[in-house]
Amino acid sequence: MNSSRRFDSYNEAFTKNFINFVLVFTIICINGAFVYTYFKSKDFQRDPRYVLYIHLVINDMIMLTLSLGLVIATYTGNPGFIPCWIMLVVLMTTNRNSPLNLAGMALERYIAVCLPLHHVQICTVQRAHLLIALIWLVSFIPAFTDIIIILITQTLSVFSKTVFCNTTLVFNTPYHETLSLVVEVLLFSFVFLTVVLTYLNVLLAARGVSGVSRDSMRNARNTILLHGVQLLLCLLSFIAPFINLFLITNWPHKTTDIFFSTFVFTNILPRLLSPLIYGLRDKKFRANIWMHFCFKGCRTVEERMKVRPRRTSKPVIH
């Protein structure tokens, strides 16, 4: 992205950052509506399914905000190493949180459908919070290991330097590349197998039931299938560096346009689709959003109409 300063004019840089800002702001507003609805309803807060879902939404909001800040920073100035490292650690941690959270949500749906008698005992709000803490710990360890590798392989003077805050440029040793490859392969293998196995078990269980239970299993199967779609969307942000390398090698004069396009399509848009395909699909969530936003707006208009003084007719003179 250093090349962005050499090839982008002021108008081009402003336009790209403005588009990124509008898209991220739109997603944060949509996600904010889900977060507001969640905290306004005690029923959602007592359901581990929604606890995991809202964590996914908040996690995406944090990741998008940091991503936008780093993109804008490439045009305004390079931060010091320590502020850059802190932002990258949080960014990489939240990026890895998403697929692990999807695996937890798929397991919860599997237990709810295939082990309904044990669902209340196994899936509690307290355990959902513990799972979220475990997800953050598992995602944080590889990000923290990156800085340990820098402490071992480089001198302490690196902490006093200003750096171009990009993951591939800051963590650029062969050890970092090996660690990143191993972590991503293990992470997505685990999540992929979890989603596939839960989907197949729900699919097999649905064949032996009928009526309402069959409908609930079909809904659970479709939900887990959507988790698979979300997992593929999350994968885009991990393969973005390889996409950039391939495109820049073939079209080096389009470097800044390539970085901008891949950021929009691999980081921003997947985070727009994820809450929509899951949140708005949920009838309970959709009804509460309608009640809190549209219904309240309509009710306010009606109340204003009621308090508006009526025109009195003039007395008729005979």
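Only a predicted model underlies this, so the values are computations on that prediction, with no experimental measurement involved. (Residues numbered from 1 in each chain as written. Predicted model: local features only at pLDDT ≥ 70, side-chain atom pairs only at ≥ 80, totals over all residues. Heavy atoms only, no water.)

### With respect to the side chain of Asn17
Applied cut-off: Numbering of helices and strands runs from the N terminus, with a helix taken as a DSSP run of H or I at least four residues long and a strand as a DSSP run of E at least two residues long. In this description, contact between two residues means that some pair of their heavy atoms is separated by no more than 4.5 Å.
With respect to the element layout, Asn17 can be found in helix α2 (residues 10–40). Contacts of Asn17, omitting those with residues within four sequence positions, involve Val71, Ile72 and Tyr75.

### A word on helix α5 (residues 81–114)
For an α-helix, the turn length of 3.6 residues means that residues three or four places apart are oriented alike. Cut-off, in case you're wondering: Here the expected length of a helix is defined as 1.5 Å per residue gap, with one fewer gap than residues. Accessibility here uses a 1.4 Å probe with only protein chains present; expressed as a share of the type maximum, an area under 20% marks a residue as buried, one over 50% as exposed, and anything in between as partly exposed.
Between its first and last C-alpha atoms α5 spans 49 Å; for 34 residues at 1.5 Å apiece the expected length is 50 Å, and the two agree. With 25 of 34 residues buried, α5 lies mostly within the body of the structure.

### Observations concerning helix α4 (residues 48–76)
Formally: Between N or O atoms, a polar contact is any pair within 3.5 Å; within protein, one atom must be a potential hydrogen donor and the other a potential acceptor, and residues adjacent in sequence are included only when both atoms are from side chains.
Here α4 spans 42 Å end to end across 29 residues, near enough to the 42 Å set by a 1.5 Å rise per residue. If you check the start of α4, you find a side-chain oxygen 3.0 Å away from the backbone N of Arg49, and it comes from Asp47.

### Side note on the UniProt feature "transmembrane region" (unreviewed entry) in the chain
We count it as follows: UniProt positions are given in the numbering used here, feature names are shortened, and annotations may be inferred rather than shown by experiment.
Within this numbering scheme, the UniProt entry marks residues 18–39, 79–95, 130–159, 179–204, 224–246 and 258–280 as carrying the feature "transmembrane region" (unreviewed entry). Here residues 79–95 runs as 88% helix and 0% strand, with 21 Å between its end C-alpha atoms. Secondary structure content for residues 130–159 is 80% helix and 0% strand, and the end C-alpha separation is 34 Å.

### Points about the packing of aromatic side chains
Cut-off, in case you're wondering: Here is the rule: rings of Phe, Tyr and Trp (six-membered ring for Trp) pair when centre to centre is within 6.5 Å. Planes less than 30 degrees apart are stacked, more than 60 are edge-to-face, and the remainder are tilted. Over a ring means this: the NZ of a Lys or the CZ of an Arg is within 6 Å of the ring centre and within 35 degrees of the ring normal.
This model, assessed by the stated rule, comprises six aromatic pairs. Note on Phe34 and Tyr53: the rings are 6.1 Å apart at their centroids and 90° apart in plane angle, and the pair reads as edge-to-face. A residue pair is termed long-range when its members are at least 10 positions apart, and Phe34 in helix α2 and Tyr53 in helix α4 qualify at 19 residues. Side by side, Phe34 and Tyr53 carry an identical accessibility label, which is buried. One residue, Arg49, lies across the ring of Tyr50, its end atom 5.6 Å from the ring centre.

### What about the environment of Ile147?
Among the structural elements, Ile147 can be located in helix α7 (residues 125–153). Ile147 gets classed as buried once you look at its relative accessible area, which sits at 5%. The spacing of Ile147 and Val89 is 58 residues in sequence and 8.9 Å in space, taken between C-alpha atoms. Once you skip the residues sitting within four places of it in the chain, Ile147 turns out to touch Phe81, Trp85, Phe159 and Phe171.

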